[in-house]
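One letter stands for each residue in the lines below.
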There are 2 protein chains.
Amino acid sequence: MSCATQRVLRTVTDLSGPAGTLPMSSYNNSARFNEARRVAIFGGTHGNEMSGVTLVNLWVKNSAEIQRKRVETKPFITNPKAVEKCTRYVDTDLNRAFSPENLSAPEGDDLPYEVQRAQEINRIFGPKGSPEAYDVIFDLHNTTSNMGCTLILESSKDHFNLQMMNYIKKAIAPASCLVLLNEHPLLKYSTSRSIAKHPVGLEVGPQPQGVLRSNIFEAMRVILKHALDFIELFNEGMEFPPCTVEVFWVSERIDYPRDANGNIIAMVHPNLQDCDWEPLNPGDPMFQTFDGKTIHYQGPGTVYPTFINEAAYYEKQQAFVITRRETLVASAIRKA
Amino acid sequence: MSCATQRVLRTVTDLSGPAGTLPMSSYNNSARFNEARRVAIFGGTHGNEMSGVTLVNLWVKNSAEIQRKRVETKPFITNPKAVEKCTRYVDTDLNRAFSPENLSAPEGDDLPYEVQRAQEINRIFGPKGSPEAYDVIFDLHNTTSNMGCTLILESSKDHFNLQMMNYIKKAIAPASCLVLLNEHPLLKYSTSRSIAKHPVGLEVGPQPQGVLRSNIFEAMRVILKHALDFIELFNEGMEFPPCTVEVFWVSERIDYPRDANGNIIAMVHPNLQDCDWEPLNPGDPMFQTFDGKTIHYQGPGTVYPTFINEAAYYEKQQAFVITRRETLVASAIRKA
């Protein structure tokens, strides 16, 4: 938390002085980025998250809706075998597979399917960390948690992405769209989108695995429209003034209570179930054991839980993640 | 519909005359049933429906809660391999596997896992249709549909079960519990519970696959408590007077709209999503195509859809089932 606070303050300091008095059209210290011409939209990174699978399949057939004059958008099914089986993955979670070790492992059929697939995707859309990598990758996900529309970032320092978040949030208002920031050194993982210069996760819920709900489908579609509009405006030369973005910063993973054999002995408490993003205060109910006892949150202060009771996270020993709410400042940006 | 209506009228006729004037404690034409001493509770017939899996696992460890003086209740995980993998099934749907062909197939390791398992379960709790079969089997299921608490019957002629439904509905009021009756000659299937003399399905939702929600867990637990109380009272000799039971009678399966290649081209319409059990009238919106067109219900009269957008039924080409609401009359019952 202190680290993140310092980050905000430092950014604010960068903008002090002239920024407040400059006209909107010009900022001496605008961050410069190359045009974001190459954009990919990934669906089916988890084969049973149906909004992304369905949208990307539609766009593979007809991509008119996602093309812009100055943006080439490539829709892509990342885990076709998992999509066919309508399962999260076949051998291992593709959205954890883009680690340096996996991407540099000697190729071969003995590698897990998703590791082979990660290498292939990295060849097409990466290589990760290289100048040849795609500019932006949107990776479309669904969650069984009551998270609404959530954009997931991996870095608080990517001002292009922070500006995009601000644009999308304003564009869809009064509907809401929250930003989850996962740059925790231990909880961050090697996502499919991480091979792009600007990786953006889009997580919309609640939707059960294997189900397509029209409200979730349409919400995801609208967010992508605004995201692509932002990139188009940026590529056309629009300058975006400094702004602030509220983010929820992942700070801790909370597991289900278990017995000595590792068996789960409690459920998410009904007072917490479906209350993603709402404050959880010390003493608030958190779990309910199968014999009816309440387990309370014992942390030192208010936190904001999310990914509450997500189906796919039982195997990851995670009942929810705890986040802390912060306001980040994004510098002005313009194209180089 | 006409068939079912006749059934009700015929039953009413059976009870005409003396029934209305008899004292509550004695009915000349009470249906007689043997004591229901042997009762099983099945969980994990679908390995990713977590309320039943969790309750049955708890009761296997400590069955005090489900025992009654005159009832021996056996909690049983029917598909342990699917439970371990947290998947609906391994080779084939166990809850469609109890057909005469499967149950009489020569045993062998080359049979699908669930067929082998069906034979094993039939040996323990059946044989299906024989006097040795268990008296009652409750099979615990969850659905992603917004069905609330649903009890599923396979016969309109089982007055023991109809009386049980009436008892449970009254016991949990003002909470509601609906009865789905599937005795459609083509849509009925060979359930796990069908090996018992009195098979009862319990379907509670909405709950995503692989998720345990406390509200769904507690609702299922309460219904089972009342069901076992009913059996205990019956075994003790209580006579249950004639009653009526509202049921929703499965009459048709509706598939998602598809293109010539069999690909789904529309979603459940937002006006219908989550509206299980509510009337669907001719002209009401039913589906929404991916390009925004509405498809309306064209049937001849009001129906009551349920299992709307259930995850597991995509592979069964079923967006929902249509039911017709009827009132059945149950005769008085007492033990033989």
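Once a new chain begins, its residue numbering starts again from 1 and follows that chain's sequence as written. Chains carry letters and ligands carry numbers; both start at the beginning, A for chains and 1 for ligands, and go up in the order they are written. This being a predicted model, a pLDDT of at least 70 is required before a residue's local features are given, and a value of 80 or more before pairs of side-chain atoms are given or counted; all residues contribute to the totals for chains, interfaces and linings. With hydrogens and water set aside, each side-chain value is computed from the structure's full complement of heavy atoms.

For chain A, an unreviewed UniProt entry supplies the name Aspartoacylase and the organism Collichthys lucidus.

A. Representation of the relation of the copies chain A and chain B within the structure. At an RMSD of 0.0 Å, chain A and chain B line up after a rotation of 180° and a shift of 0.0 Å along the axis. Overall, the copies show the geometry of a two-fold rotation axis. Minimal C-alpha separation from the rotation axis in chain A is found for A:Pro208, amounting to 2.3 Å. The share of interface residues of chain A whose copies in chain B are also at the interface is 100%, consistent with both copies meeting through the same surface. For the least-squares superposition of copies, only C-alpha atoms count, and only for residues with pLDDT at least 70 in both. Residue contacts follow a heavy-atom distance rule, with two residues in contact if any of their heavy atoms lie within 4.5 Å.

B. Layout of the state of the cysteines. Cysteine sulfur atoms that come within 2.5 Å of each other are treated as a disulfide pair. According to the stated counting rule, one finds zero disulfides over all chains in the structure shown. Summary of cysteine pairing: A:Cys86 is not part of a disulfide, and the nearest cysteine sulfur, belonging to B:Cys86, is at 14 Å.

C. Region of interest: the packing of helix α2 (residues 50-61) of chain A against helix α7 (residues 214-236) of chain A. Residue and element names in this part refer to chain A. For the pair α2 and α7, interaxial distance at closest approach is 9 Å and the crossing angle is 60°. The pairing of α2 with α7 is recorded here as oblique in orientation. With respect to the hand of their crossing, α2 and α7 are arranged in right-handed fashion. Here Ser51, Gly52, Thr54, Leu55, Leu58 and Trp59 of α2 come into contact with α7, specifically with Ile216, Phe217, Met220, Arg221 and Leu224. Three classes are used: nonpolar for Ala, Val, Leu, Ile, Met, Phe, Trp, Tyr, Cys and Pro, charged for Asp, Glu, Lys and Arg, and polar for all others, with Gly counted as polar. Here the residues of the contact of α2 with α7 sort into seven nonpolar, three polar and one charged. Between N-to-C directions, angles span 0 to 180 degrees; the directions come from axes that are lines fitted to C-alpha atoms, helices contributing only their stretch in contact. Per the convention used, a helix needs a DSSP run of H or I reaching at least four residues, while a strand needs a run of E reaching at least two, with both numbered from the N terminus. Note on angle classes: values under 35 degrees are labelled roughly parallel, values over 145 roughly antiparallel, values of 65 to 115 roughly perpendicular, and the remainder oblique. By convention, the crossing between two helices is left-handed when the near helix turns anticlockwise from the far helix through less than a right angle, and right-handed when the turn is clockwise.

D. Here's a closer look at the UniProt feature "active site" (unreviewed entry) in chain A. All names here are of chain A. UniProt positions are given in the numbering used here, feature names are shortened, and annotations may be inferred rather than shown by experiment. When the UniProt feature table is mapped onto this chain numbering, "active site" (unreviewed entry) sits at Glu203. Assignment of secondary structure puts Glu203 in strand β7 (residues 198-205). Throughout this description, buried means an accessible area under 20% of the type-specific maximum (1.4 Å probe, protein chains only), exposed means over 50%, and partly exposed covers the range between. The buried category is assigned to Glu203, whose relative accessible area is 6%. Setting aside anything within four residues of it in sequence, one finds Glu203 in contact with His141, Asn142, Thr143, Met147, Gly148, Cys149, Thr150, Ile152 and Phe307. N or O atoms closer than or at 3.5 Å make up a polar contact, with two conditions inside protein: a donor-capable atom paired with an acceptor-capable one, and, for residues adjacent in sequence, both atoms drawn from side chains. In this structure the side chain of Glu203 is engaged in a polar contact, spanning 3.4 Å, whose partner is the backbone nitrogen of Thr143.

E. Seen up close, the packing of aromatic side chains. Within 6.5 Å between ring centres, the rings of Phe, Tyr and Trp (the latter by its six-membered ring) count as paired, and their orientation is classed by plane angle as stacked under 30 degrees, edge-to-face over 60, tilted in between. Evaluation of the coordinates by the stated rule reveals 32 aromatic pairs over all chains. With 5.5 Å between their ring centres and 65° between their planes, A:Phe160 and A:Phe230 make a pair best called edge-to-face. Here A:Phe160 is found in helix α6 (residues 159-172), whereas its partner A:Phe230 is found in helix α7, with 70 residues between them in sequence. Judged by centre distance (5.7 Å) and plane angle (55°), the ring pair of B:Tyr167 and B:Phe230 falls under tilted.

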